Amino acid sequence: MTASITLPDTVMEWPARYNEIPKAVFEEPGLWRLELENIFYGEEWHPIVHRAEVPNPGDYKAAFIGEMPIFAVHGDDGKIRVFHNACAHRGATLVTDSAGNKPDFECPYHRWLFSSRGDLVGCPNSQEFSPSFTKEKFGLRELRTESFSELYFVTMSDKTPDLRSYMTEAVSEPLGRILGNGHGLKLLGYQKVYYDCNWKAYVDNDGYHAPLLHLAFKLMGWQGGKGAQIITENGHMAFDAELSIPQKVDALEDSSIVQFKGDPDSKGSVIASTFPITVCTKHMDMLNVRYAFPKGPRGVEVHYTYFARDDDSPELLAHRTRQCSNLLGPSGLISLEDAAIFTRIDMGNRSPGNAIFQKGVVDEYRLDLNVKQNDESGNLPRW
Ligand code: FES
Ligand SMILES: [Fe+2]
């Protein structure tokens, strides 16, 4: 049986086989509005900020859910809240830079002033406002927020289940390991990149490609060890993989950059990816959250955010910083080819037909949640 997606000016036939995705789904601009409504503004949780990114009262960070600007702020009471980035008066954005520290938030238009808890604390000429006006009624609009290991998620829907049930144990267990297993984290920094592709092409990256696309895997003689991929019915994924790395890598002048020096359980890669778009990883000694913000039907901005544990020795801190800045992200030794592939996929998707998944597909007519570590079929439940 085939299904179809109907848009105002097009009907997209969905193939009967689970392992085929119509290329048009990456290219049809009309889908973006449906994705906003059903995914970004729907019953999903979106990680937005880790406490380590806003460690002090007054620290804030701007972000987006779909097209809506939001910002997280560490209140003077120690609580982290997430607000719509829109003045409660006539709606001007309050925060225009990506992060900073402020005791309060003043809107430049008519100088309404909001506290770090979101309360309206000042508004010029209020004696001439309507009789029913009170400051209490005009605080900033707060988003529903829950946290896991100090990573704060928001949702636009009241119907979204609580965060733990949403993530399931399959994701929360590896995510806990990535986020320091109870140790506090500290922010090392960001790498921000714009990928020239539809957001779904970015997030559809798979386990199959890593040793095949990325030349550094071969140059460094990396051997995969034991590994597993767990996928959930609601589109989350988790990977766990051992990796053995030779002591001396001839392709590198200094092999120390690819050695494990951290906690005993960093023996490879752990990935926890929550639907629809966030990927959290621990590769060797790198702790990384990739927040991603689609810029409409075309283009996605990815913020690679790197952390260390707050009890790391100075040596380990330096090692993590070197690894993070050299191995991952848009210019990372083991990931730099991804950007080129995203652009090439985007170009190729303008031609007709379907994108095909093969590795790990046992039955084309039955969706299977049982997949091996580097099977691309793990992406299919999302579709
Ligand atoms: S729009 Fe912000 S004070 Fe008027
Ligand atoms: Fe990759």
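Computed from a predicted model, the values in this text were never measured in an experiment.

**Examining the sheet that holds strand β4 (residues 46-50)**
Across a sheet, strands are paired by hydrogen bonds formed along the backbone, either parallel or antiparallel in direction.
Working step 1: What the three strands build is an open sheet, ordered β4-β13-β12; its pairing is antiparallel. Strands with a single pairing partner mark the edges of an open sheet, and in this sheet they are β4 and β12 (144-148). Neighbour-to-neighbour, the strand axes of this sheet turn through a mean angle of 35 degrees, independent of strand direction.

**Details of the packing of aromatic side chains**
The geometry of an aromatic ring pair comes down to the distance between the two centres and the angle between the two planes.
Working step 1: Counted by the stated rule, this structure contains 16 aromatic pairs.
Working step 2: On the numbers, 5.4 Å between centres and 80 degrees between planes, the contact of Y60 with F105 is edge-to-face. One end of the pair, Y60, is in strand β5 (residues 59-65); the other, F105, is in strand β9 (residues 104-106), and 45 residues separate them in sequence.
Working step 3: The class of Y60 is buried, set by a relative accessible area of 3%.
Working step 4: What makes F105 buried here is its relative accessible area of 1%.
Working step 5: Between W112 and F138, the ring centres sit 6.1 Å apart and the planes meet at 80 degrees, which makes this aromatic pair edge-to-face. Within this pair, whereas W112 is found in the loop between β9 and β10 (113-115), its partner F138 is found in the loop between β11 (120-122) and β12, the two being separated by 26 residues in sequence.
Working step 6: What makes W112 buried here is its relative accessible area of 5%.
Working step 7: Three or more aromatic residues joined by ring pairs make a cluster, and in this case those are Y60, F71, F83 and F105.
Working step 8: Stacked on the ring of Y190, the Lys or Arg K192 has its end atom at 5.0 Å from the ring centre.
Working step 9: K295 extends its terminal NZ or CZ atom over the ring of F64, reaching a point 4.3 Å from the ring centre.

**Here's the deal with the coordination of the iron ion (ligand 2)**
Working step 1: Surrounding the iron ion (ligand 2) are the protein donor atoms H209 (NE2), H214 (NE2), D338 (OD) and D338 (OD), which sit 2.1 to 2.4 Å from the metal.
Working step 2: Every donor counted, the four donor atoms about the iron ion (ligand 2) form angles of 56 to 147 degrees at the centre, which fits irregular coordination.
Working step 3: As a motif over one chain, the donors of the iron ion (ligand 2) read H-x4-H-x123-D. Taken together, the residues span a long stretch of sequence, with H214 in the loop between α5 (210-213) and α6 (215-219) and D338 in helix α8 (residues 337-348) at a distance of 124 residues.

**Considerations on the pattern of salt bridges**
If the charged atoms of two oppositely charged side chains come close together, the side chains can form a pair.
Working step 1: Summed over the entire model, instances satisfying the criterion amount to 23 salt bridges.
Working step 2: Here R298 and D346 are joined by a salt bridge, their closest N and O atoms 2.8 Å apart. Residue R298 is found in the loop between β19 (286-294) and β20 (300-309), and its partner D346 is found in helix α8; the two are separated by 48 residues along the sequence.
Working step 3: When its relative accessible area of 34% is taken as the criterion, R298 is described as partly exposed.
Working step 4: Here D346 and R350 are joined by a salt bridge, their closest N and O atoms 3.1 Å apart.

**Quick notes on the domain arrangement of the protein chain**
Working step 1: On domain assignment, one finds that the protein chain holds domain 1 (46-148) and domain 2 (182-379).
Working step 2: Using only C-alpha atoms to locate each centre, domain 1 and domain 2 end up separated by 33 Å.
Working step 3: The partner domain 2 presents 14 residues to the twelve residues of domain 1 that form the contact.
Working step 4: Roughly 980 Å² of surface becomes buried between domain 1 and domain 2 when both sides are summed, with 63% attributable to carbon and sulfur atoms.
Working step 5: Run the count over domain 1 and domain 2 and you get zero salt bridges.
Working step 6: Taken together, domain 1 and domain 2 are joined by three residue pairs in polar contact (both at pLDDT 80 or more).
Working step 7: Elements that contribute at least two residues to the side of domain 1 that touches domain 2 include exactly β4 and β5.

What counts, and where the lines are drawn
- Residues numbered from 1 in each chain as written.
- Chains lettered and ligands numbered in written order.
- Predicted model: local features only at pLDDT ≥ 70, side-chain atom pairs only at ≥ 80, totals over all residues.
- Heavy atoms only, no water.
- Pairing = 2+ DSSP bridges.
- Helix = DSSP H or I, 4+ residues; strand = E, 2+ residues; numbered from the N terminus.
- Axes fitted to C-alpha atoms, helices over the stretch in contact; angles between N-to-C directions.
- Phe/Tyr/Trp six-rings, centres within 6.5 Å; stacked < 30°, edge-to-face > 60°.
- Buried < 20%, exposed > 50% of the residue type's maximum accessible area, 1.4 Å probe, protein only.
- Lys NZ or Arg CZ within 6 Å of the ring centre and 35° of its normal.
- Donors = N, O, S within 2.8 Å, 3.2 Å for Na, K, Ca; no water.
- Tetrahedral: all angles 85-135°; square planar, octahedral: opposite > 155°, others 65-115°.
- Salt bridge = Lys/Arg side-chain N within 4 Å of Asp/Glu carboxyl O.
- Domains from an automatic or database assignment.
- Contact = heavy atoms within 4.5 Å.
- Buried area = accessible area lost by both parts, 1.4 Å probe.
- Polar contact = N/O pair within 3.5 Å; in protein donor to acceptor, adjacent residues only side chain to side chain.

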